[in-house]
Amino acid sequence: MCQSIAIIRPIETKDLIHLWEIKYKDEHPEWKKWDAPYFEHKNLTLTDFLSQKDSIVDQEDYWAIVAGEKIIGTVSYYWEHEPSLWLEMGIGIYDPSYWNEGYGTKAFRLWINHLFETLPIVRVGYTTWSGNIRMIKVGEKLGMTVEGRMRKCRVVNGEHYDSIRIGLLREEWEERSEKR
């Protein structure tokens, strides 16, 4: 599993250049082949990225994943429907050398804890595609449930894949937390 301790924390100004390098500098980054590849990746110049500083630094809905002292990715959330407290979350580990090491599971576990501790939500969830086996396994490891599957509605490299919604209720999380 994790060779280093993974933490999550708000993004700081000092993180911006490294975050840009791992997320936007490359026109065709490796991580984008797995993270919703059916949506176009838009690489940004450093100047354009830094102009968005106010929506990145010290935000409640967008945090850094840190392994050792190095940012390796981000966790985030957005409101699918805020009046009913329907929240969806996301994760990206941009450096492939940190894939398959348990960092994503650890980061999502920390993020779920944070979201349930700080927001009055009863459910967390995310959407992935059937070609991203790692994201499906993260949900399984965390005790999440496949809540929906839209068949063959995502096209990647000319092949059709399912869109998969995975979720977890607060009471399920609390029950599992008590058993740990």
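Predicted model only: the values in this text are computed from it and were never measured.

Asks: How should the overall build of the protein be read in this particular structure?
Replies: In terms of helices and strands, the protein carries 5 helices and 7 strands. Listed N to C, the secondary structure of the protein is β-α-α-β-β-β-α-β-α-β-β-α in terms of helices and strands. Its C-alpha atoms give the protein a radius of gyration of 16 Å, near enough to 16 Å, the size a compact globule of 180 residues would have. Taking the principal axes of the C-alpha coordinates as reference, the protein spans close to 45 × 40 × 40 Å.

Asks: Explanation requested: the sheet that holds strand 2 (residues 62-67) in the structure shown.
Replies: Strands pair in a sheet through their backbones, by hydrogen bonds, and they do so in one of two ways: parallel or antiparallel. What the 4 strands build is an open sheet, ordered 1-2-3-4; its pairing is antiparallel. The open sheet has two free edges, formed respectively by strand 1 (6-10) and strand 4 (86-93), since each of these has just one partner strand. Averaged over neighbouring strand pairs, the angle between their axes works out to 25° when direction is ignored. Inspection of the sheet shows strand 3 (residues 70-81) paired to strand 4 by 8 bridges, in the antiparallel sense. Each bridged residue has a counterpart across the sheet, and for Y78 the counterpart in strand 4 is E88.

Asks: Sorry, what's going on with the pattern of salt bridges here?
Replies: Under the criterion given, the structure shown has 10 salt bridges. Note that E12 and K14 form a salt bridge whose closest N and O atoms lie 3.6 Å from each other. Residue class for K14 comes out exposed when judged on its relative accessible area of 66%. The partner of R165 in a salt bridge is E80, with the nearest N and O atoms 3.5 Å apart. Linking R165 in strand 7 (residues 159-169) with E80 in strand 3, this pair joins segments that are 85 residues apart in sequence. Among the ionic contacts, a cluster of salt bridges with common partners joins E80, E88, R123, E147 and R165.

Asks: Hey, could you run me through helix 3 (residues 103-118) in this one?
Replies: Given 3.6 residues to a turn, an α-helix orients residues that are three or four positions apart in the same direction. Compared with the 22 Å implied by 1.5 Å per residue over 16 residues, the 22 Å span of helix 3 between its first and last C-alpha is a close match. Every buried residue of helix 3 is listed here: Y103, G104, T105, A107, F108, W111, I112, H114, L115 and F116.

Asks: What is the right way to look at the side chain of T128 in this model?
Replies: For T128, the position within the fold is in strand 5 (residues 123-129). Looking at T128, the relative accessible area reads 3%, which means it is buried. Excluding its chain neighbours within four sequence positions, the residues that come into contact with T128 are Y38, M135, I136, D162, S163, I164 and I166.

Asks: Got a minute to help me understand helix 1 (residues 16-23) in this structure?
Replies: Residues of helix 1 that are buried: L16, L19, W20, I22 and K23. Where helix 1 is buried, its residues contact helix 2 (46-50), strand 2 and strand 3.

Asks: What is the right way to look at the nonpolar core in this model?
Replies: Side chains of a nonpolar character, in soluble globular proteins, are inclined to be buried together. By size, the foremost hydrophobic cluster in this structure holds 50 residues, and its most contacted members are M89 and V124. Examining the composition of this core, we find that 7 residues originate from one element, helix 3, more than from any other.

Asks: Would you mind going over the packing of aromatic side chains with me for this structure?
Replies: Given two aromatic rings, their pairing is described by the distance between the two centres and the angle made by the two planes. A complete count under the given rule lists 9 aromatic pairs for this structure. Seen from their ring centres, W63 and W111 are 5.4 Å apart, and the 55° between their planes marks the pair as tilted. Remark: W111 occurs in helix 3 and W63 occurs in strand 2; sequence separation between them is 48 residues. Neither W63 nor W111 differs from the other in exposure class; each is buried. With 4.8 Å between their ring centres and 85° between their planes, W129 and Y161 make a pair best called edge-to-face. Remark: Y161 occurs in strand 7 and W129 occurs in strand 5; sequence separation between them is 32 residues. Taken together, the ring pairs connect W63, Y77, W79 and W111 into an aromatic cluster.

Asks: When you look at the pairing of strand 2 in this model, what are you seeing that I'm missing?
Replies: The side chains of a regular strand alternate between the sheet's two faces. The buried fraction of strand 2 amounts to 6 of the 6 residues, a majority that puts the element mostly inside the structure. In this sheet, strand 3 lies alongside strand 2 in antiparallel orientation, the contact comprising 6 bridges. Bridge pairing links I65 to G73 in strand 3.

Cut-offs used in this document
Residues numbered from 1 in each chain as written. Predicted model: local features only at pLDDT ≥ 70, side-chain atom pairs only at ≥ 80, totals over all residues. Heavy atoms only, no water. Helix = DSSP H or I, 4+ residues; strand = E, 2+ residues; numbered from the N terminus. Rg over C-alpha atoms; globule rule 2.2 N^0.38 Å. Pairing = 2+ DSSP bridges. Axes fitted to C-alpha atoms, helices over the stretch in contact; angles between N-to-C directions. Salt bridge = Lys/Arg side-chain N within 4 Å of Asp/Glu carboxyl O. Buried < 20%, exposed > 50% of the residue type's maximum accessible area, 1.4 Å probe, protein only. Expected span 1.5 Å × (residues − 1). Contact = heavy atoms within 4.5 Å. Core = buried A, V, L, I, M, F, W, Y, C linked by side-chain atoms within 4.5 Å. Phe/Tyr/Trp six-rings, centres within 6.5 Å; stacked < 30°, edge-to-face > 60°.

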